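If you want the building blocks of each chain, they are given just below.
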Amino acid sequence: MNKIKQKMGMLAQRVVDWGMGNGLMQEENMASGNDTITPEMAFFARRCAAESCVLLKNDGTLPLQKKEQVAVFGRCQLDWFYVGYGSGGDVHPPYRVNLMEGLANAGVEFDKELAKVYDNWCNNEDNKAYHGWWGHWPMSHPEMPLEEKLVSEVVKRCDTAVVVIGRAAGEDRENTLTPGSYYLTEQEIDMLDKVTSAFSHTVVLLNAGNIIDMSWTESYGDKISSLLYVWQGGMESGNAIADVLTGAVNPCGKLADTIARNYEDYPSSAYFGGKEYNEYKEGIYVGYRHFETCAKEKVLYPFGYGLSYTNFLVNPVSFTSENGRYEISVEVENIGTCTGREIVMAWCEAPQGTLGKPLKTLVAFAKTKEIKVGEIDQVSLVFNEKCFASYDDAGKTRYPNAFVLEEGEYLFYVEEQLAGSFSLEETKCVERCESACNKSVDLRQRILERLPEEISFTGDKGYRLSDVVQENISLETFIAQLNDEELEALTRGEGAMGSSLGVVGNAGAFGGVLPSLREKGVPPIITADGPAGLRLKKFTALLPCGTGLACTWDDVLVESLFVQVGKEMQKHDLDVLLSPGMNIHRNPLCGRNFEYFSEDPLLTGKMAAAVVRGVQSQGGSCCPKHFACNNQETKRNTNDSRLSERALREIYLRGFEICIKESKPNTLMTSYNKINGVWSHYNYDLATTILRKEWGYEGVVITDWWMQKSISPEFTKLKDNAYRVRAQVDVLMPGNMGHLHKKYHSDGTLLKTIDATDGITRGELQRTARNVLNLIIKIGKA
């Protein structure tokens with residue numbers, strides 16, 4: 001309880017520090033006259049969007065000076081990309097603030113004549129932004145051709161130009177190595193050429209959810225004065241960016257991904273986009289782990305990079321360790337000219353040993369409060385041995401299937417300063433695991449040894465689920481009265497999206513999907529898509545994209561935003577938010593990277609945990625996704641992610657592990673793809689061996705919407721839903737196997753083999769029932 005009070009105190013203090021109510025957020029910008037978005041939601045959405053901005057370059061042009069005349073170029077000044085396309089971005093906010101509206105709200109004096117030219121062009125029927133359809137979203141919008149005459153007229157009135165370049169992102173398709181997607185178009189290059197040649201100061205804003213090619217920045221050199229990656233900031237985008245441009249918010253975001261000089265420099269570039277499978281040949285060397293180890297010269301902007309309008313002196317002052325817990329205390333002094341915040345990171349350089357390791361690994365981070373000029377803030381970086389341990393999947397260290405610390409010296413750095421070290425004379429086993437998700441395991445025997453015991457069927461005794469809550473009966477006694485039809489219903493959703501049992505536009509319902517279950521006090525559990533807000537046929541808040549949130553490096557701020565989302569869920573009687581998306585940014589072309597956080601599993605896990613804590617503090621549930629290795633959209637339903645167990649555990653599962661252990665999400669969603677030949681929604685080792693047995697997860701596992709048909713290799717009488725339930729993937733969502741049926745249509749595969757030799761057991765059905773009913777009790781719906 002003391003920890004909860006301490007956390008809430010931190011949130012309250014942050015609101016004071018950020019100046020909520022002191023004029024930073026003007027009343028007229030908070031959806032005036034609209035009660036669908038609270039002032040608190042608008043404030044935190046705006047603050048997150050502002051703190052996500054990463055200043056990559058600045059010669060002093062930013063922040064803009066008061067009364068400075070600014071010329072804004074690029075159609076995205078109006079046709080802003082607020083978020084990516086697809087289930088994760090299809091949110092309906094009551095308002096959206098584009099860049100020009102944000103500048104006007106902030107009192108920036110932009111060139112009205114130029115703005116009118118863009119307004120007329122963008123609203124011409126021939127030029128209006130086209131938003132495509134499912135899986136065929138635009139990569140960008142064609143840029144307005146820019147005439148020399150127009151530029152020469154505008155430069156007479158303005159010294160500073162702001163150029164906006166926008167990129168879309170979307171589900172069910174990748175970005176491509178083409179102009180208008182990963183590369184700039186001829187029109188965009190022409191715009192940059194003309195503007196940078198004419199203006200003495202040029203600021204470039206990148207409105208994108210993914211990393212794009214940035215090699216062009218080198219060719220322009222000092223002609224580009226300032227460069228800001230502003231991501232896709234949701235409904236408050238324009239206000240947030242204006243805050244940063246004017247200095248109302250000092251930029252304090254840092255990159256959550258490495259920006260390489262060329263696409264081919266990314267270690268996965270040759271092993272991405274396969275239609276049948278992808279070999280993860282880079283192993284654990286993803287993102288900065290690769291570049292820091294063997295390709296520093298190929299980096300334009302490194303992971304964790306970002307500038308400020310002020311300067312900081314970072315000084316590690318102590319390093320302590322006790323029982324596998326480490327803490328580095330760091331003092332941060334503002335030695336610049338304005339108030340700002342700084343992000344402090346701790347890195348480990350481990351001995352190479354027999355396993356081989358990245359040159360450095362992120363082990364902890366923290367963000368300071370707002371530090372005034374001349375003041376000092378102190379932060380603590382806390383981490384454990386698992387943060388820098390390596391997984392031995394082959395027994396090279398004499399500890400097979402274990403996380404180990406090999407003998408040798410371990411160095412810990414903050415801002416390239418040595419903060420502390422220790423040495424091991426012999427290899428230490430940190431955590432023993434079971435070999436999983438590979439063909440060396442006798443999976444049949446493993447499953448048979450761990451089948452749950454059956455609860456004897458009693459028939460309907462008239463008990464209701466509330467009797468369990470009131471401790472009149474045990475949960476086992478309640479489950480004993482459920483018949484096979486009711487047990488089957490608890491393993492799947494109602495049937496299709498848009499359940500009539502919940503708010504209009506919901507993603508589907510599970511739990512009390514039968515009248516007989518509802519009569520026993522089992523309510524339906526209503527879900528909604530995320531993560532950029534609640535995807536409903538209602539007005540709801542549109543939030544910054546996941547990558548942007550990660551670039552804040554501020555789990556307290558992100559948590560505070562999702563406290564507001566939790567309150568919004570209450571308003572709409574929603575139980576489960578299908579969020580956060582937390583797959584690793586293995587490759588910059590992945591179409592859904594905008595929903596996810598980072599190339600790094602620690603940052604990913606910490607951000608995801610913040611989302612979960614925020615939502616679940618208000619009584620709702622979060623559903624982190626997609627578990628696991630959903631790192632591309634091409635053929636995502638059938639593609640096989642082939643990787644070593646070491647890479648799986650150190651990179652692609654690590655973020656999920658952190659999220660689950662630190663925030664205890666009530667639900668978890670599997671991915672569409674296969675992992676080493678087994679679909680995630682049939683993967684016993686993933687859903688039971690690792691998730692539940694090793695990590696101690698106690699919640700419900702659901703499928704992504706619909707799943708692929710398959711027969712169990714270990715139990716050939718089991719297929720489809722029976723195969724899934726044996727894996728302890730509890731619930732098929734939204735209920736049907738495919739898109740064709742609007743109402744529930746049973747495929748008959750679950751109950752067909754019940755109690756037959758090698759068939760599904762009633763104990764397994766009851767195990768799923770226990771998981772689902774425990775969720776209902778936990779969120780207070782029983």
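Note that the structure is predicted; figures quoted are calculated from it, not measured. (Residues numbered from 1 in each chain as written. Predicted model: local features only at pLDDT ≥ 70, side-chain atom pairs only at ≥ 80, totals over all residues. Heavy atoms only, no water.)

**Brief notes about the pairing of strand β4 (residues 160-166)**
- Counting buried positions over the seven residues of β4 gives seven, a clear majority of the element.
- In this structure, strand β2 (residues 69-73) lies alongside β4, joined through four bridges in parallel fashion. Bridge pairing links valine 70 to threonine 160 in β4.
- Here β4 pairs with strand β5 (residues 201-207) via seven bridges, running parallel. Bridged to valine 162 within β5 is valine 203. (Buried < 20%, exposed > 50% of the residue type's maximum accessible area, 1.4 Å probe, protein only. Helix = DSSP H or I, 4+ residues; strand = E, 2+ residues; numbered from the N terminus. Pairing = 2+ DSSP bridges.)

**Let's talk about the sheet that holds strand β17 (residues 408-414)**
- Spatially, β13-β12-β17-β18 is the arrangement adopted by the four strands of the open sheet, whose pairing is antiparallel. The open sheet has two edge strands with one neighbour each: β13 (361-367) and β18 (417-424). Strand after strand, the sheet turns through a mean of 15° between neighbouring axes, direction not considered.
- When β17 meets β18, the two strands line up antiparallel, connected through seven bridges. Pairing of glutamate 409 across the sheet is with serine 423, part of β18. (Axes fitted to C-alpha atoms, helices over the stretch in contact; angles between N-to-C directions.)

**A word on the packing of helix α16 (residues 555-571) against helix α17 (residues 601-616)**
- Running from N to C, α16 and α17 cross one another at 35°; their axes reach a closest spacing of 6 Å. Read as a crossing pair, α16 and α17 show a hand that is right-handed. Across the interface between the two elements, Asp555, Val558, Glu559, Phe562, Val563, Val565, Gly566 and Met569 of α16 pack against Lys606, Met607, Ala610, Val611, Arg613, Gly614 and Val615 of α17.
- A per-class count over the contact of α16 with α17 returns nine nonpolar, two polar and four charged. (Left-handed = near helix turned anticlockwise from the far one by under 90°. Contact = heavy atoms within 4.5 Å. Nonpolar A, V, L, I, M, F, W, Y, C, P; charged D, E, K, R; others polar.)

**Remarks on unusual backbone geometry**
- The peptide bond linking phenylalanine 627 to alanine 628 adopts the cis configuration, its omega dihedral lying at 10°.
- On the secondary structure map, alanine 628 appears in the loop between β23 (621-622) and β24 (640-642).
- The step from methionine 733 to proline 734 runs through a cis peptide bond, and the omega angle for that step is 0°.
- Among the structural elements, proline 734 can be located in the loop between α21 (720-726) and α22 (762-778).

**Description of the pairing of strand β11 (residues 325-334)**
- Both strand β10 (residues 312-322) and β11 contribute to a ladder of 10 bridges, which runs antiparallel. The residue of β11 that forms the bridge with leucine 313 is glutamate 333.
- What sits between the antiparallel neighbours β10 and β11 is a turn of two residues, in which asparagine 323 has the positive phi angle 50°.
- Pairing geometry for β11 and strand β14 (residues 376-384), over nine bridges, is antiparallel.

**Overview of the packing of helix α2 (residues 39-52) against α16**
- As a packed pair, α2 and α16 sit with axes 9 Å apart at the nearest point and diverge in direction by 145°. Regarding α2 and α16, the two cross each other, and that crossing is left-handed. From α2, Glu40, Met41, Phe44, Ala45, Arg47, Cys48 and Glu51 reach across to α16, where they touch Leu557, Val558, Ser560, Leu561, Gln564, Val565 and Glu568.
- A class-by-class count of the residues in the contact of α2 with α16 yields eight nonpolar, two polar and four charged.

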